[in-house]
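Listed below, chain by chain, are the residues.
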Amino acid sequence: MTLLEVRNLRLRFDTKDGPLQVLDEISFKLEAGETLAMVGESGSGKSLTALTLMGLLPPGAIIETGEVLLEGRNLLTLSARQWRSVRGRELAMVYQDANSALHPLLTVGEQLAEAILAHRKESPSEVRKACASALGEVGISAPEARLDAYPHELSGGMRQRVVIAMALLARPKVLIADEPTTAVDVTMQAQILELLEHLRAKYSMAVLLVTHDLGVVARAAQKVAVVYAGRTVELATTKELFQTPLHPYSVGLLRSAPSEAAQSMASVLAASPSQGPTQSPSQAPARLFSIPGMAPSPARMPVGCAFHPRCPFEVARCSRERPELKAWRVEVPSNMHTGLVTATSRRAACFEQERVAAAAVASRTGWHELEQLWLAKMEPRT
Amino acid sequence: MTGSALDLPGGRRTPATAARSRWKLTEREFELRQSAAATVSGENPWRARLVQLRRRRTAWWSLWLLGLSSLVCLFAPLLPLPSPALIELRAPLLAPIAPWRVFGTFDFQPEYWPLGWLDRQLLELRQFLFGTWQSGPWLGTDSKGRDLLARIVFGGRTSLAVALAGAATSLVIGVSYGVIAGWFGGRIDRWMMRAVDVLQSLPFVFLVIFLLTVLGARSSSARESIFFVVIGAVWWLSMARVVRGTVRGMRSAAFLECAQVLGASQASSLVRHLVPNVLPIVIVYLTLTIPSVMLFESFLSFLGLGVSPPRVSWGLLALEGAQAINPLAIPWWLVLFPALVMGLTLLALTMLGDGLRDVLDPRSQARPAP
Amino acid sequence: MIRAALRHLAGLVISVVIVLAVSFALMHAVPGGPFDAERGLHPEIEANLARAYHLDWPVWKQFLQYIGPFNLGPDGWLGTGADRFGGVLALDFGPSLRHRDYDVADILAASLPVSFQLGALALAWSVPLGILLGTLAAARAGTWLDALLRVLTTTGIVLPGFVIASLSLLVFAFAWPLFPVAGWSSLRHMVLPAFALGAPCATYVARLTRSGVLENLQLDFVRTAKGKGLGRGAVIWRHALRSALLPVVAYLGPASAAILTGSLVVEKIFFLPGAGTHFVNSALNRDYTLALGVTLVYTVLVFCLNALADLLASFLDPRVGGRQES
Ligand SMILES: Nc1ncnc2c1ncn2[C@@H]1O[C@H](COP(=O)(O)OP(=O)(O)O)[C@@H](O)[C@H]1O
Ligand code: SF4
Ligand SMILES: [Mg+2]
């Protein structure tokens, strides 16, 4: 059975200026023991999705439709009391900003202890021991001494580790990590990702890794859910996505990843020997590409496919109908040169997937044409 | 925040300062909004602010209520009220009589304390218009048979006068101090603000009373004039603080530097940019100063240190009410009505102040709604 | 922390010196003051005054004597023996101008305990209750409880303290005689004054707490706390309230200043033999020495309480004090 499944989650805020549709059908599945990355620009609703899973939505958020199934049980129908036993114990979260996620006036030890005591009674000495070992596990030196420190006495990376340790203390089945690497410096990022991977393996947790960084995806995730404007637009394994993105937005994301990410991508692709020549890092476009146009704000969502104002593959239908996230059986040309075609079942929300896939494969060798296409699309608008 | 004995100067507003420091992040934003408000919006920003204020119902109604009652107080001698000073020992402690039972009588005798020229004219006009007709004891009479309604209205004049005088003094001192400190900055600013800090942590109520003890020794009129000056001189501290903050923000704002680079003289740029930037915040703090000055006046009068009989003030009425109750007679109206009037006025002033702050103080807009 | 304490101390010294100098100058300058020749006091008090203020000395020497803490001898610099200490800094405020045979210090020694008891009692009930009510209002924001508390706090903030005092006297001592009207001999006597004095403080603390807790409930660390599976009670009382208490603690200084101020009217209404009553009477009778004595004591007191509250607040906040790790 799927461990965690999100189905057609729709969420809006009712504000003075009318409703704001911030999530518009988010769907994905997370199997036990795997890492799913949720990728999207900032503002696309990743954090709100994560908070929905935890039942921690800010006041004013209204869930319109959708289900969050944890081992078949719909979390959205839980009572406040039931939620309490789910949070921390079954689902735990590592928050985006470790600075503000910790209480400034409580010591690290006190805050860690709560994570245990919220779920089971234990003697103070046992709790302390458990907390110290959790700190040790996330790579904090001299954990005993750190228990009595206040958050402001720790460095940014350490605080992030404390937050991770706190999430792990009640041994959750699913760990939700909301941009765990955005607030820390580059060397620390790698360490934290490694740590998450290590812990996932050790406790056979499932990890939902929220990020906007494809480098992180390539390094840490087995599956990817691409989110655009509050909507899952593509679901794929990491390899599939990097090889043949089916949604124009995914294509753009891949192209706009900085070269460091491209390197990770290359390594992902290189891991599968059956593939044809891929674009090596040296061939990466020197100029950093970014998808022209701006992410739409929830207040002014385009009709039809939300991506159509920025999409180079747009057809007439795109601005009228909304493509569903469906499993399309597509014939994906996996190798331009050999003409090899594989038929796969992939899920993306786009009417023109086959064209996109073909272009994506073509672009591995000749990105230039695709970029021209994109720029031509934006010309009349700018 | 305003309006209780707690707010008398003597305590620094530590919580408010703490709250402000939490908004430090928005300081830059604050400056930008300020300059934007002053320069970008081409049309009159005051019209927009008026509309905004109107949308805040309680603030708008408070404004009307206060305006109306100020008018009533201002033209009090013109109204057909009984004399507030006439001692009528035949009719002490009359309980309130509803207007539909006794609407009025023809007993008016013009007995007042020495009135000013304008008040004498008003009084003559009143006698011309209404003759000896006066309203009945709608709110009852006090232990000396004086009409409570008339005394409340005339007491309101005192409050109004004190509030305006205090506000004006605090305006002059506070704004000039704040502008000087904020404009020059550096060491001058540091020392000036440190002085404000020290002054703000003095228990002013005690010092003021001590000053009144020493200075107002001889005549009560000397005491009253000292009293006005002292009140104004005390309440400029927070005004100076906010004005200084605004001026500092302005000075560092880019547009002023631009203006200077373009060759505008310091003085002209000061005046041109100062007024639109500082005025809103000054208005807000004036509305917040007025209730606390009124409160302080009534506090002193209640202690017998403020306005002295035969003049009236609300504090004096409250004192008389408190003194009139005894186990044998409980003239509740003498306690209740002055309390109601004072409470309503202070409430309206507080509401108006809050509303004005929302509309005029850019910092409060950056704040999430509570 | 030490720097902050020193800063408070400096402020205290500066203001005490200013108050002393100004009051000395004023008392000299003003007709009818203790140093004025034609004051027409009782001969006994005259004698006391002459003895205390050495009216035959030059003014600067009078000032030094007046400040203290050492008595100046008639010929030499310092006095000797048992009379070594004197002047304001030695807590010798001179003789009262109106109470024959009493020194200001005697009057203060008799009346200050009453005022302190009253003030302490008022703080003791109002601050905890204010915190409790404020937190409850925040926890139940938007419900009838919140609305009721809002009405109460608005009333408490809008009505002046003396109005609250006379209303409570009217209701609970006369109309419905639960408590005695005046006096200070038993706990029952203390209930109404302490209530009237603490009510404004309670309402202010309640408002402060409510807005603090509400604000904190929006913050990320509260979300973290909920995310651990903590119940609503723990989240509010342990997490949201904790950081909302810092401003409340800092407010204790201004609050006690306000309580001292309020005690003037409360003592007057309830006829309590406290320092406030003496102070008001001294102002009415122009008993300068007594008025100055109370003013000085309260100045120092307010400074100390403010400093104490500030230091307590920074002591409770681990972020102050700078144990930053590099
Ligand atoms: N409390 C809120 N009220 C109204 N809109 C909100 C609120 N929180 C978030 N949003 C909106 O929801 C959208 C998604 O936010 P978020 O989930 O934080 O994005 P991400 O984590 O992907 O950067 C944003 O456009 C944001 O403006
Ligand atoms: S549906 Fe149309 S507009 Fe949307 S991504 Fe696909 S091709 Fe582009
Ligand atoms: Mg986010």
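Residues numbered from 1 in each chain as written. Chains lettered and ligands numbered in written order. Predicted model: local features only at pLDDT ≥ 70, side-chain atom pairs only at ≥ 80, totals over all residues. Heavy atoms only, no water.

1. Observations regarding the overall build of chain A
Thought 1: Across its full length, chain A holds 14 helices and twelve strands.
Thought 2: Expressed as a percentage of its 382 residues, the buried residues of chain A come to 56%.
Thought 3: In chain A, once contacts between residues fewer than 6 apart in sequence are set aside, the share between residues at least 24 apart is 69%.
Thought 4: Of the accessible surface of chain A, which amounts to about 16,100 Å², a share of 54% is contributed by carbon and sulfur atoms. (Helix = DSSP H or I, 4+ residues; strand = E, 2+ residues; numbered from the N terminus. Buried < 20%, exposed > 50% of the residue type's maximum accessible area, 1.4 Å probe, protein only. Contact = heavy atoms within 4.5 Å. Areas by Shrake-Rupley, 256 points an atom, 1.4 Å probe, with all protein chains shown as cover.)

2. Concerning the overall build of chain B
Thought 1: Helix and strand counts for chain B come out as 15 helices and two strands.
Thought 2: Buried residues in chain B amount to 54% of all 370 residues.
Thought 3: At a minimum sequence separation of 6, the contacts of chain B that also span at least 24 residues come to 79%.
Thought 4: Surface exposure of chain B reaches about 16,900 Å², of which carbon and sulfur atoms provide 66%.

3. Section: the coordination of the magnesium ion (ligand 3)
All names here are of chain A.
Thought 1: Protein-derived ligands of the magnesium ion (ligand 3) are Ser 47 (OG) and Gln 96 (OE1), with the metal-ligand distances lying across 2.0 to 2.7 Å. Of the two residues, Ser 47 is situated in helix α1 (residues 46–54) and Gln 96 in the loop between β6 (91–94) and α3 (98–101); the sequence distance between them amounts to 49 residues.
Thought 2: The class for Ser 47 is partly exposed, based on a relative accessible area of 24%. (Donors = N, O, S within 2.8 Å, 3.2 Å for Na, K, Ca; no water.)

4. Examining the side chain of A:Ser27
All names here are of chain A.
Thought 1: By secondary structure assignment, the location of Ser 27 is in strand β2 (residues 18–30).
Thought 2: Classification of Ser 27 by relative accessible area gives buried; the value is 8%.
Thought 3: Only 3.0 Å separates the side chain of Ser 27 from the backbone nitrogen of Asn 8, close enough to count as a polar contact.
Thought 4: When residues no more than four places from it in sequence are discounted, the contact partners of Ser 27 are Val 6, Arg 7, Asn 8, Thr 232, Leu 235 and Leu 325. (Polar contact = N/O pair within 3.5 Å; in protein donor to acceptor, adjacent residues only side chain to side chain.)

5. Remarks on the domain arrangement of chain A
Residues and elements named next belong to chain A.
Thought 1: Parsing chain A into structural domains produces domain 1 (2–221) and domain 2 (238–378).
Thought 2: In this assembly, 16 residues from domain 1 lie in contact with 19 residues from domain 2.
Thought 3: Across the domain 1 to domain 2 interface the summed buried area is about 1,300 Å²; carbon plus sulfur atoms make up 58%.
Thought 4: The largest contributions to the domain 1 side of the interface with domain 2 come from Glu 41, Leu 214 and Ala 218, which together make up 40% of the buried area.
Thought 5: The interface formed by domain 1 and domain 2 includes three salt bridges.
Thought 6: The salt bridge partner of Asp 24 is Arg 322, with a shortest N-O separation of 2.8 Å.
Thought 7: Among the secondary structure elements, those contributing two or more residues to the side of domain 1 that touches domain 2 are β2 and α9 (214–220).
Thought 8: Top element by residues in the side of domain 1 that touches domain 2 is β2. It accounts for six residues. (Domains from an automatic or database assignment. Buried area = accessible area lost by both parts, 1.4 Å probe. Salt bridge = Lys/Arg side-chain N within 4 Å of Asp/Glu carboxyl O.)

6. Describing the interface of chain B and chain C
Thought 1: Facing 52 residues of chain B, the contacting portion of chain C comprises 58 residues.
Thought 2: Of the roughly 4,900 Å² buried where chain B meets chain C, counting both sides, 79% is carbon and sulfur surface.
Thought 3: Our count for the chain B to chain C interface comes out at zero residue pairs in polar contact (both at pLDDT 80 or more).
Thought 4: If you list the elements that add at least two residues to the side of chain B that touches chain C, you get α1 (14–22), α8 (204–215), α12 (266–303), α13 (314–324) and α14 (332–360) of chain B.

7. Quick notes on the interface of chain C and chain A
Thought 1: Contact with chain C, which involves 23 residues of that partner, is made by 27 residues of chain A.
Thought 2: Between chain C and chain A lies a buried interface of about 2,500 Å² when both sides are counted; carbon and sulfur atoms form 56% of it.
Thought 3: Taken together, chain C and chain A are joined by two salt bridges.
Thought 4: Between A:Glu114 and C:Arg238 there is a salt bridge, with its nearest N and O atoms 2.3 Å apart.
Thought 5: Our count for the contact surface shared by chain C and chain A stands at eleven residue pairs in polar contact (both at pLDDT 80 or more).
Thought 6: Where the side of chain C that touches chain A is concerned, the elements lending two or more residues are α8 (220–227) and α9 (232–269) of chain C.
Thought 7: Considering every element that reaches the side of chain C that touches chain A, the biggest residue donor is α8(C), with six residues.

8. Focus: unusual backbone geometry
All names here are of chain A.
Thought 1: Even without glycine at this site, Asn 8 takes up a positive phi of about 45°.
Thought 2: Of note, Asn 8 is situated in strand β1 (residues 4–15).
Thought 3: The phi angle at Ser 204 is positive, at roughly 40°, despite the residue not being glycine.
Thought 4: With respect to the element layout, Ser 204 can be found in the loop between α8 (186–203) and β8 (206–211).

9. Thoughts on empty space enclosed by the protein
Thought 1: Taken as a whole and judged by the stated rule, the model has eleven cavities of 30 Å³ or more.
Thought 2: For the second largest cavity, the calculated volume is near 100 Å³.
Thought 3: Around the second largest cavity, the lining residues are A:Gly88, A:Ala92, A:Met93, A:Tyr95, A:Ala115, A:Val163, A:Met166, A:Ala167, A:Ala170, C:Thr224, C:Gly227 and C:Lys228.
Thought 4: Among the elements of the structure, β6 and α7 (156–168) of chain A together with α8 of chain C are those that each provide at least two residues to the lining of the second largest cavity.
Thought 5: At three residues, the largest contribution of residues to the lining of the second largest cavity is made by α7(A).
Thought 6: For the lining of the second largest cavity, the class distribution of residues is eight nonpolar, three polar and one charged. (1 Å grid on protein atoms, 1.4 Å probe; cavity = no way out; pocket = protein on both sides within 12 Å on 5 of 7 lines; lining within 4 Å. Points joined across faces, edges and corners; volume = space filled by probe spheres on them. Nonpolar A, V, L, I, M, F, W, Y, C, P; charged D, E, K, R; others polar.)

10. Thoughts on the site of ligand 1
Residues and elements named next belong to chain A.
Thought 1: For ligand 1, the full set of nearby residues is Phe 13, Val 22, Glu 41, Ser 42, Gly 43, Ser 44, Gly 45, Lys 46, Ser 47, Leu 48, Pro 58 and Pro 298.
Thought 2: Between Ser 44 and ligand 1, the recorded distance is 3.3 Å, taken from a backbone N or O atom to an oxygen atom.
Thought 3: About the coverage of ligand 1: the protein hides 67% of its 560 Å² of free accessible area.
Thought 4: Tallied by class, residues from the shell around ligand 1 come to five nonpolar, five polar and two charged. (Near = heavy atom within 4 Å.)

11. Some thoughts on the sheet that holds β1(A)
Residues and elements named next belong to chain A.
Thought 1: Read across the sheet, four strands follow the order β2-β1-β4-β5 without closing on themselves; strand pairing throughout is antiparallel. On the outer flanks of this sheet lie β2 and β5 (73–74), each paired with one strand and no other.
Thought 2: Where β1 and β2 come together, ten bridges link them in antiparallel fashion. Paired with Glu 5 across the two strands is Lys 29, which belongs to β2. (Pairing = 2+ DSSP bridges.)

12. Overview of the packing of aromatic side chains
Describing an aromatic ring pair means giving the distance of the ring centres and the angle of the ring planes.
Thought 1: Taken as a whole, this structure holds 18 aromatic pairs over all chains when the rule is applied.
Thought 2: Consider the rings of A:Tyr228 and A:Tyr249, whose centres lie 4.6 Å apart with planes at 55°: the pair is tilted. Taken together, the residues A:Tyr228 in strand β9 (residues 223–228) and A:Tyr249 in helix α11 (residues 248–256) connect sequence positions 21 residues apart.
Thought 3: On the numbers, 5.8 Å between centres and 85° between planes, the contact of B:Trp113 with B:Phe154 is edge-to-face. Of this pair, B:Trp113 sits in the loop between β1 (104–105) and α5 (117–130) while B:Phe154 sits in helix α6 (residues 148–184); the two residues are 41 residues apart in sequence, bridging distant segments of the chain.
Thought 4: What makes B:Phe154 buried here is its relative accessible area of 2%.
Thought 5: Through a chain of ring-to-ring contacts, three or more aromatic side chains come together here, namely A:Tyr228, A:Tyr249 and A:Phe307.
Thought 6: A cation sits over an aromatic face here: A:Arg317 above A:Phe351, 3.8 Å from the ring centre.
Thought 7: Above the ring of B:Trp191, the side-chain terminus of B:Arg194 is found at 5.3 Å from the ring centroid. (Phe/Tyr/Trp six-rings, centres within 6.5 Å; stacked < 30°, edge-to-face > 60°. Lys NZ or Arg CZ within 6 Å of the ring centre and 35° of its normal.)

13. Let's talk about the site of ligand 2
Thought 1: In the region of ligand 2, the neighbouring residues are A:His247, A:Pro248, A:Cys305, A:Phe307, A:His308, A:Cys311, A:Phe313, A:Cys318, A:Pro323, A:Cys350, A:Phe351 and A:Glu352.
Thought 2: Across the shell around ligand 2, the residue classes break down as nine nonpolar, two polar and one charged.

14. What to know about the pattern of salt bridges
Residue and element names in this part refer to chain A.
Thought 1: For the structure shown, the criterion picks out 37 salt bridges over all chains.
Thought 2: Where Arg 322 meets Glu 25, a salt bridge forms, and the shortest distance between an N and an O atom there is 3.8 Å. With Arg 322 in the loop between α12 (259–270) and β11 (326–335) and Glu 25 in strand β2, this pair connects stretches of sequence that are 297 residues apart.
Thought 3: Residue Arg 322 is classed as partly exposed on the basis of its relative accessible area of 31%.
Thought 4: For Glu 137, the salt bridge identified is with Lys 202, shortest N-O distance 2.6 Å. Placement of the pair is Glu 137 in helix α5 (residues 124–137) and Lys 202 in helix α8, with a sequence separation of 65 residues.

15. Some details on a positive patch on the surface
Thought 1: Residues B:Arg187, B:Arg190, B:Arg194, C:Arg3 and C:Arg7 make up a contiguous surface patch of positive charge.
Thought 2: Those elements that place two or more of their residues in the positive patch are α7 (186–200) of chain B together with α1 (2–29) of chain C.
Thought 3: Considering each element in turn, the positive patch owes the most residues, three residues, to α7(B).
Thought 4: Relative to the assigned elements, B:Arg190 resides in helix α7. (Patch = residues over 30% accessible without salt bridge, like charges linked within 9 Å, V, L, I, M, F, W, Y side chains within 5 Å. Lys, Arg positive; Asp, Glu negative; His and termini not counted. Charge placed at Lys NZ, Arg CZ, Asp CG, Glu CD.)

16. Some points on the packing of α8(B) against α9(C)
Thought 1: For the pair α8(B) and α9(C), the least separation of the axes is 9 Å and the interaxial angle reads 50°. Classified by the angle between their axes, α8(B) and α9(C) sit oblique to one another. Seen from α8(B), the contacting residues are B:Val205, B:Phe206 and B:Ile209; seen from α9(C), they are C:Leu260, C:Thr261 and C:Leu264.
Thought 2: Across the contact of α8(B) with α9(C), the residue classes tally to five nonpolar, one polar and no charged. (Axes fitted to C-alpha atoms, helices over the stretch in contact; angles between N-to-C directions. Parallel < 35°, antiparallel > 145°, perpendicular 65-115°, else oblique.)

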